Amino acid sequence: LDPAGRVRSERFTGDLSWTDPAFARDFGLTLQAAYMQLANRITTPLRVFPAGASFVAQGGSAFPSGMIGAPDKWERQLRLSAAGVYTGFSDHRLRLGFGHDETEIYKTAERKNFTLLFGAPTALAGGLTPVSGADLFLAPHRRHVDYLYVQDEWSFARDWTLTGGLRYDRYSDFGGTTNPRLALVWEARHDLTAKLMYGTAFRAPSFIEQYATGNPIALGNPALAPEKIQTFEGSFTWQARHDLQTTLSLFRHRISDLIGQSGMTYLNTGRQNGSGGEFELVWDATTAVRLIGHYAYQKNIDQTTKHDAGFAPHHHLYARADWRFAAGWAVSGQLNYVADRNRPFGDTRPQIPDYTSVDFTLRTDQAKHGWDFSASIRNAFDADIREPSKLSSGITFDLPMPRRSFWLQARYSL
């Protein structure tokens, strides 16, 4: 969005896992620990709004050089978990687990040339100025999460399996949430499998959605509840031939407590119902060529307006081909077609353009040890790809995705 601004991002990650499938009689145990340190620092200040932006009509100021900001953020995450599998019961496979996560934005800093005065952007007399307190985009915050879950795979009859699970999460900032899962699987024939599934899940509000302060687009709300979803799904997998597999899935979902904006504040704003389906295909055309593809359709209705909820594509087509053309070498190409994305009710901007992107990758296909190399061209035909923006964001012409880009990768495995 901003051709001048630059951000330097540094990330350090590490993880350690230990597994003993025979830790005790009929019991296997896995322990995991992971750590991440993340720093985002602005090397060239970002233009929130371009030169000439004016908010005088709203009681604010004009910005001949644009609204400029430089928000910096430092974050760390620690994750600890344990999981065990018990197989001592006949026809049952019992899985138990628990864990603890800590996520902390431990330091923030910001320089900018504006402040919010009664909600209107107003110029700071000193130009680009270090700010603090309520003028800072986000103050440091910490979140602790404790969770536990249990799951049982019960083979109650020949060719039938019922899997049931329950998970409880406790967040230090908004409380607890409990979510069940059920899946019934029927091996109808040697080449046909049917599944019926139900589950609930949630999305926790982000730190920005809860605690943003001097943000000209939206302010945080510490009282936010998590978004919640119920899903129902049925699927059929048919192994049509030894080299051809197809899957048809149908689904329906209900979302409540959606997080959106009301004025300049994040709120739990409404409900949404959706349904759709997907057809997948995997074909090993030869020993060296594999073709993969899927087509998906979905429709989502905002229960407040009774109109299409917008943003998500009604049609999505994906296709990929992998070819091992020589010993140790492979080339792949993939096509991604996204179509028919509506605007939400009340957004009168033109329809969001459909797009087709094509990527190519050349890579080595070596053994598990030693060097691997790959080279990729992404969006090879330089399509103008845009993801829909919310009208309230002030980003009128949607969010432009990367044009044609080139990637090189080298990897060494011990």
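Summary of the structure given here. (Residues numbered from 1 in each chain as written. Predicted model: local features only at pLDDT ≥ 70, side-chain atom pairs only at ≥ 80, totals over all residues. Heavy atoms only, no water.)

1. Looking at the layout of surface pockets
Keep this limit in mind: Here the term cavity refers to a set of points on a 1 Å grid, laid over the protein atoms alone, in which a 1.4 Å probe fits but cannot get out; the term pocket refers to an open set having protein on both sides within 12 Å along at least five of seven lines, with lining residues being those that place an atom within 4 Å of a point. Grid points are joined across faces, edges and corners, and a volume is the space filled by probe spheres set on the points. Strands are runs of DSSP state E lasting at least 2 residues, helices are runs of H or I lasting at least 4, and numbering of each runs from the N terminus. By the convention adopted, Pro, Cys, Tyr, Trp, Phe, Met, Ile, Leu, Val and Ala count as nonpolar, Lys, Arg, Asp and Glu as charged, and the other residues, Gly among them, as polar.
Of the pockets and cavities examined, the second largest pocket occupies roughly 720 Å³. Considering the residues around the second largest pocket, the lining is formed by 25 residues, among which Thr269, Asp302, Phe311, Pro344 and Lys390 are closest to the centre. Listed by contribution, the elements that provide at least two residues to the lining of the second largest pocket are strand 16 (244-262), strand 17 (265-283) and strand 18 (289-302). Top contributing element to the lining of the second largest pocket by residue count: strand 16, with five residues. Considering only residue class, the lining of the second largest pocket consists of eight nonpolar, eleven polar and six charged.

2. Some points on unusual backbone geometry
Test applied: Each residue is assigned to one of three classes by its accessible area relative to the maximum for its type, calculated with a 1.4 Å probe on protein chains only: buried under 20%, partly exposed between the two thresholds, exposed over 50%.
If you check the backbone angles, lysine 306 has positive phi at about 65 degrees while not being a glycine. Structurally, the position occupied by lysine 306 is in the loop between strand 18 and strand 19 (313-326). Look at aspartate 340: it is not a glycine, yet its phi comes out positive at around 65 degrees. Along the chain, the position of aspartate 340 falls in strand 20 (residues 329-341). Since its relative accessible area comes to 27%, aspartate 340 is described here as partly exposed.

3. A closer look at the pattern of salt bridges
This is how the line gets drawn: When a carboxyl oxygen of Asp or Glu lies within 4 Å of a side-chain nitrogen of Lys or Arg, that pair is called a salt bridge.
Counted by the stated rule, this structure contains 24 salt bridges. The salt bridge involving arginine 25 is made with aspartate 26; its shortest N-O contact spans 3.9 Å. According to the relative accessible area criterion, arginine 25 is exposed, its value standing at 76%. For glutamate 75, the salt bridge goes to lysine 73, with nearest N and O atoms at 3.2 Å. Just as glutamate 75 is buried, lysine 73 falls in that class too. What you see here is one network of salt bridges that share partners, running through Arg343, Asp347, Arg349 and Asp398.

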